[in-house]
Structures are given as structure tokens and as C-alpha cells.
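# Overview (structure and organization)
Here is how the chains run, residue by residue.
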Amino acid sequence: MQSSSARMRSTTLDRSLQKTKGDVNLTTFALLFSEMVQYSQNRVDNIQDLQNKLADFGKHVGVRILDLFFLRNGKDKREVRLTPMLIFIQKTFWKFLFNREADHLEQHAQEANVYYIIERECLVNKFISVPKDKGNLNYASFVAGIIEGILCTSGFTCKVHTHQAPRGTTHVITFAQSVMDRESRLDAK
Amino acid sequence: MTSSSSSSNYYFVIVGHADQVVYEIELGGTTGQIAPTTDNRHLNQFIAHAALDLVDEAMWRNSTTYLKQVDKFNEWIVSAYVTAGGLRFLFLYEHLPRTGEDGLKNFLTEIYETYVKLLLNPFYIPDKPIRSGAFDKKIQTIARKWIL
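What you see is a predicted model, and the numbers here were worked out from it, not measured in a lab. (Residues numbered from 1 in each chain as written. Chains lettered and ligands numbered in written order. Predicted model: local features only at pLDDT ≥ 70, side-chain atom pairs only at ≥ 80, totals over all residues. Heavy atoms only, no water.)

## A word on the pairing of strand β3 (residues 66-73) of chain B
All names here are of chain B. Here β3 pairs with strand β4 (residues 76-82) via six bridges, running antiparallel. Bridge assignment links Lys72 to a residue of β4, and that residue is Ile77. With antiparallel pairing between neighbouring strands as the criterion, β3 and β4 make up a hairpin whose turn holds two residues, including Asn74 at a positive phi of roughly 50°. (Pairing = 2+ DSSP bridges. Helix = DSSP H or I, 4+ residues; strand = E, 2+ residues; numbered from the N terminus.)

Here it is as C-alpha cells:
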């Protein structure tokens, strides 16, 4: 069987990474997201699993989009400390994803390894209404998954949960002890 | 048994988050050279693995992606490139390639681009070994362009 090495074929590895068109249409994204939600809903039994499935989708996106962002924007300084990394996510990255910055970034008063990212109006939840029997289901778990993907892949192991607070959608980021140890080690030097 | 090669041989490896080999390739080699023995291969892997500690140390102090020379073993020099996603590219050489440090940096940056294109494939699971023929060919093309 003659392989295709005789022909000059451009593979996906040759295509450019730069964005060709403008931003993605909100309605298109909403349609895609609603399909994702329905797909997950048909395969789970309870709310926690549904949120986990959405978070998995988000992780899938998160690990890839960080590198893509660095390449497209020609950035070559990585973030190595915790606070600059969180600020980077809140401002630059949120702008890259949703074209605006997240509203608040806060640290828990007592526990130093818990941070909150608060958004008044989450893009993902814009077209979604939660029926009464689903209680505290929150589809922004998808965004939580993206955040978790980004942080875990760049070396800040953590867990991200979402819940709805009066101030808006709140993502609660809990960092692993190894991250806090490394931070204090770097602080000391 | 051949003595350590004095040819312009290079060894490139991509190390994943769990310190596993995601991809490795040997490049270069002058004509007339006997094919690298298994000793050489094991030595390369050993040197790269030993350099990982130093890379880890350097990557948390330095926020640049390209860390020039992190380690030296006898006459082998190890250069590292750390991606935003925490992946480490290690490049072993005895003598700088003909294009120098800049050529090496460009080589690593282009490999990074190619890797991200591979990563965007939803069927590729991050941190799993890369077994794509197209990727091999692309790396060799980039190597010919920048360092060979």
C-alpha cells in the first residue's frame, strides 16, 4: 500500500494557531452549552454528578486554553507566584474568555489557602433557568472546571467549587497544602 | 562498543507532570557513525532525569519560559524550556548547534507551537506519550530548520 508520503499534505500540525475570525456568537455558544448540559443530564442520577461532569468538560478546556493563550498573545513570562496567578486569571484570562474581567477576587479571612472569584453575571448561566426541584445546581461548574484546569496544569493544585451567593456566582478555590508550602518557601528566600 | 560520540548528536525529551516521558527523540548524528548503542540511550535518559530537579528548582524562581543552561554532566549540557502548562522540554547537547543559543530558543518555541496544536486535538489526553508519525516528521523538519 503506497503511503501518502509522496503527496505534500498539510496536517493539522501545520495549520496556524492565530484567530482568523472575530469572537464566537453568544447564541451559538449557548446552544452548544445547552446540548452539553442535556447530554450530561441524561447520564447522571444526581446533582453532584452533573456538576462533576460539567467540571470535567471545563477541565478539558482549561488545560488546553492556557497554552493557546500564551501562544496567541505572545506572552512568555509564566506566573510562578500564587497571587499574581490569581490576578492573571481574574483580569487577563477572564477578558480573553468572556471579554470582561471577573468582579472580585478575595481571600478567605481565616484559611489562607481558600480564595474566591466572584462574578455578578456569569455568561454561562445567562440563558439558563434552574427548576425548583434541582435546588442548588449551578451550571457555572463548567467555568469552575476551566479554572481548575488552568491552575492544576500550571502547578497550583487545587479544587474549585461553585455556589450562588447574593453577590453573584462565587467560585471557591481551595489550594493543596503543597502549593502553600512552596509559596512560603519562595517567600522566605 | 563505541566510546561517547563526539558527533553533533542531540537528545530532546518532553517530560510530563508526573515526571514521565511524553516524547523523546534523538537528532543529528554525523554520517559514518555507528547507530547509537542502548548505553547511549540510557545515559541520555539518566542525564535528563537527573536534571529534572534543577529544572524544578529553576522554574519556580524564574518566570521566563526558556531557561538556558540548567545542568552539565561531563560534557553534556542540559537546556530547559518550561511551558505555561507546566510541561518541561529538555534538550541535551555537547556543543551548541550551528545557530547558537538563539537557534535553540527558536527550535524550542516552534516545538512548543507544534505541541499545542497536538494538544488541541480532543482525542489526545494530556500527559500521555505522543505516538504520532506526523508529529515526528514535524519535529524533524523543525530540527533541520533550526539546529542541524
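## Things to note about the nonpolar core
One recurring pattern in soluble globular proteins: nonpolar side chains tend to sit buried together. By size, the foremost hydrophobic cluster in this structure holds 92 residues, and its most contacted members are Ile173 and Phe175 of chain A together with Phe12, Phe89 and Phe107 of chain B. At nine residues, the largest contribution of residues to this core is made by helix α2 (residues 100-119) of chain B. In this view, Ile173 of chain A contacts Leu86, Asn113, Val114, Tyr115, Ile117, Ile147, Leu151, Cys158, Lys159 and Val160 of chain A; residues no more than four positions away in its chain are not counted. (Core = buried A, V, L, I, M, F, W, Y, C linked by side-chain atoms within 4.5 Å. Buried < 20%, exposed > 50% of the residue type's maximum accessible area, 1.4 Å probe, protein only. Contact = heavy atoms within 4.5 Å.)

## Things to note about the interface of chain B and chain A
Each partner contributes residues to the interface: chain B has 29 residues there, and chain A has 26 residues. Note on chain B versus chain A: buried area summed over both sides is about 2500 Å², and carbon and sulfur give 61% of it. At the boundary of chain B and chain A, one finds zero salt bridges. The tally of links from chain B across to chain A stands at eleven residue pairs in polar contact (both at pLDDT 80 or more). Those elements giving two or more residues to the side of chain B that touches chain A turn out to be α1 (38-61), α2 and α3 (133-146) of chain B. The biggest single contributor to the side of chain B that touches chain A is α2 of chain B, with seven residues. Broken down by class, the residue content of the side of chain B that touches chain A amounts to 14 nonpolar, ten polar and five charged. (Buried area = accessible area lost by both parts, 1.4 Å probe. Salt bridge = Lys/Arg side-chain N within 4 Å of Asp/Glu carboxyl O. Polar contact = N/O pair within 3.5 Å; in protein donor to acceptor, adjacent residues only side chain to side chain. Nonpolar A, V, L, I, M, F, W, Y, C, P; charged D, E, K, R; others polar.)

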